[in-house]
Amino acid sequence: MTLGDLLNRASEYLSERNVEDPSLEAGLLLSWLLKKDISYIYANPDMASDPETEKAYLSIVERRGRHEPFAYITGECGFLDYTFIVDQSVLIPRGDTELLAQSALFALGHNPVFFNHNMFRLKKKDSFRVLDIGTGSGCLAVSIAKGHKSVFVDAVDISEEALNIAQKNAKRYEVEDRISFINADFLDKSLNFSATYDLIVSNPPYIPLKEIPFLMKSVKDYEPHLALAAGEDGLIFYREIANRASSLLAGSGIILVECGYNQGHEISNLFSDKGFETLLLKDLSGISRVVAATKK
Ligand code: GLN
C-alpha cells in the first residue's frame, strides 16, 4: 500500500468511530510512526510502505479508534516549549494549564510572551520555594523550575506511578536536583510540611463525582480518575488548600490554582473568606481558569 492508501483507510476508520478530525489524526499518527513531518507525508502519497509499517500503523489506528488519547499512544505531550513524557498514570497536560504555569513565572518576576493579565508578583529574592500540589506528569513543577534558575520545588502526588513519570520529566529537563518529589495525600490531615512556600501552585482534581460518567470517552476510559474526580462538588482540594494556606505560605506568598469552567467565583470566595486578596485570570475563551490569592 502507498502512504496515501494508508491515510485514506485510517481516516475512514477513525471517522466511522467518531474520532474528531479523523484525517488530521490519521496523518499525525503516520507522521509519528514514520518519524517524518506531516508535510512530508502529505507530499508523498505515492510512496510505498512496507508490511511492518502497515501492521504497526493499523495497531495504533485501532487504539485511536477506541478513543485512546493520542498522547498515551505516543507517550508524549507538548506543554509550553517542552515535551513531557506521559502514560496512563498521569493526566495529559492541557493547554489550559499553560496559563497557570505562565502566571507562576510572572509571579516569580518573568514576563512570559502573550501574558497580559493583572497578576500578583513576589518580591525579589535570591531563591524561591514552590509547592506543587498534585504534580502528575510534573508539567508545572518542571516548567517552573526550568523557567527560573533559583527555584526549589516540592512536588506532591498521591500516586507513586505519577511521581515516577514526573521524575523522568525532571531528568529530561535537568531540573531533578531542584525538585523534591513527595508521595503523599494532600487531603490527609496528618500530613505536615516542614517548610513555608513563596508560591503554591495546583491543578487539582476538580470534577464532581456525578459528572465523571459524562466526560468524553477518551478522558473517562483512559485518564486516571484519581487525577480528575474530587468529591461531591469538585471543590475538596480547594477547601483544603484554603484551610492550610496561611500556615503553608510565607508572609507575602502567592497561591495559584486552576479551576473548572464554572468554579472560578466559588473558589475565589474560598480564599477571600480566609482573608486573601484574589484575582481571576481568564483563558483565551474568556473562561476564568486560574484563581490567584495572596495575603492582604
Ligand atoms: N499538575 C498536573 C497537570 O496540571 C496534574 C494535575 C492532576 O493530576 N490533576 O497536568
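Please refer to the structure placed before this passage.
Residues numbered from 1 in each chain as written. Predicted model: local features only at pLDDT ≥ 70, side-chain atom pairs only at ≥ 80, totals over all residues. Heavy atoms only, no water.

Student: Can you lay out the site of the ligand for me, pointing to particular residues and giving the numbers?
Tutor: For the ligand, the full set of nearby residues is Leu91, Thr97, Gly134, Thr135, Gly136, Cys139, Asn203, Pro204, Pro205 and Ala227. One of the backbone nitrogen or oxygen atoms of threonine 135 is found 3.2 Å away from a nitrogen atom of the ligand. Contact distances for the ligand include 3.0 Å between a nitrogen atom and a backbone N or O atom of alanine 227. When the free accessible area of the ligand is taken as 300 Å², the share hidden by the protein chains comes to 96%. For the shell around the ligand, a count of residues per class yields five nonpolar, five polar and no charged. (Near = heavy atom within 4 Å. Polar contact = N/O pair within 3.5 Å; in protein donor to acceptor, adjacent residues only side chain to side chain. Areas by Shrake-Rupley, 256 points an atom, 1.4 Å probe, with all protein chains shown as cover. Nonpolar A, V, L, I, M, F, W, Y, C, P; charged D, E, K, R; others polar.)

Student: Outline the packing of aromatic side chains, listing residues and values.
Tutor: Two aromatic rings are characterised by how far apart their centres lie and by the angle between their planes. Summed over the entire model, instances satisfying the criterion amount to eight aromatic pairs. Between phenylalanine 186 and phenylalanine 193, the aromatic rings sit 6.2 Å apart at their centres with planes inclined by 50 degrees, giving tilted as the arrangement. Assessed through its relative accessible area of 3%, phenylalanine 186 is described here as buried. An aromatic cluster is built from Phe79, Tyr82, Phe84 and Tyr173, whose rings are joined through pairwise contacts. The ring centre of phenylalanine 106 lies 3.8 Å from the NZ or CZ of arginine 121, which sits over that ring. (Phe/Tyr/Trp six-rings, centres within 6.5 Å; stacked < 30°, edge-to-face > 60°. Buried < 20%, exposed > 50% of the residue type's maximum accessible area, 1.4 Å probe, protein only. Lys NZ or Arg CZ within 6 Å of the ring centre and 35° of its normal.)

Student: Give a description of helix α7 (residues 139-147) that names residues and reports values.
Tutor: Side chains of residues three or four places apart in an α-helix project in the same direction, reflecting 3.6 residues per turn. Most of α7 is tucked away: seven of the nine residues are buried. Taken together, the buried positions of α7 are occupied by Cys139, Leu140, Ala141, Val142, Ser143, Ile144 and Ala145. (Helix = DSSP H or I, 4+ residues; strand = E, 2+ residues; numbered from the N terminus.)

Student: Now, about the packing of helix α10 (residues 236-248) against helix α11 (residues 264-272): what can you tell me, with residues and values included?
Tutor: One way to put it is that α10 packs onto α11 with a least axis distance of 9 Å and a crossing angle of 20 degrees. When the axis of α10 is compared with that of α11, the two are roughly parallel. The hand of the α10/α11 crossing is right-handed. Here α10 contributes Tyr238, Arg239, Ile241 and Ala242 to the contact with α11, which in turn contributes Ile267, Leu270 and Phe271. (Axes fitted to C-alpha atoms, helices over the stretch in contact; angles between N-to-C directions. Parallel < 35°, antiparallel > 145°, perpendicular 65-115°, else oblique. Left-handed = near helix turned anticlockwise from the far one by under 90°. Contact = heavy atoms within 4.5 Å.)

Student: Lay out the state of the cysteines with the relevant residues and their values.
Tutor: Among covalent bonds in proteins, the disulfide is the one between the sulfur atoms of two cysteines. All chains considered together, the criterion is met by zero disulfides. This cysteine, cysteine 77, is not joined by any disulfide, and cysteine 139 carries the nearest cysteine sulfur, 8.2 Å off. Overall, cysteine 77 belongs to the buried group, its relative accessible area being 12%. Not engaged in a disulfide, the cysteine cysteine 259 finds its nearest cysteine sulfur in cysteine 139; these two sulfurs lie 16 Å apart. You can call cysteine 259 buried: its relative accessible area is 0%. (Disulfide = S-S within 2.5 Å.)

Student: Residue-level account of the environment of serine 180, with values.
Tutor: With respect to the helices and strands, serine 180 occurs in strand β5 (residues 179-183). Its relative accessible area of 38% is what places serine 180 among the partly exposed residues. Considered as a pair, serine 180 and isoleucine 165 are 15 residues apart in the sequence and their alpha carbons are 13 Å apart. Leave out the neighbours within four places in its chain, and serine 180 touches Val153, Asp154 and Ala155.

Student: With reference to specific residues and values, describe the pairing of strand β4 (residues 151-157).
Tutor: Successive residues of a regular strand alternate their side chains across the two faces of the sheet. Counting buried residues in β4 gives six out of seven residues, a clear majority hidden from the surface. In this structure, strand β3 (residues 128-133) lies alongside β4, joined through six bridges in parallel fashion. Note that in β4 the partner of phenylalanine 128 across the bridge is valine 151. Crossover handedness for the path β3 to α7 to β4: right-handed. Summarising the sheet, β4 and β5 pair through five bridges and their orientation is parallel. Across the sheet, residue alanine 155 finds its bridge partner in β5, namely phenylalanine 181. Remark: the β4/helix α8 (residues 160-172)/β5 crossover connection has right-handed handedness. (Pairing = 2+ DSSP bridges. Right-handed = clockwise from strand over helix to strand, strands pointing away.)

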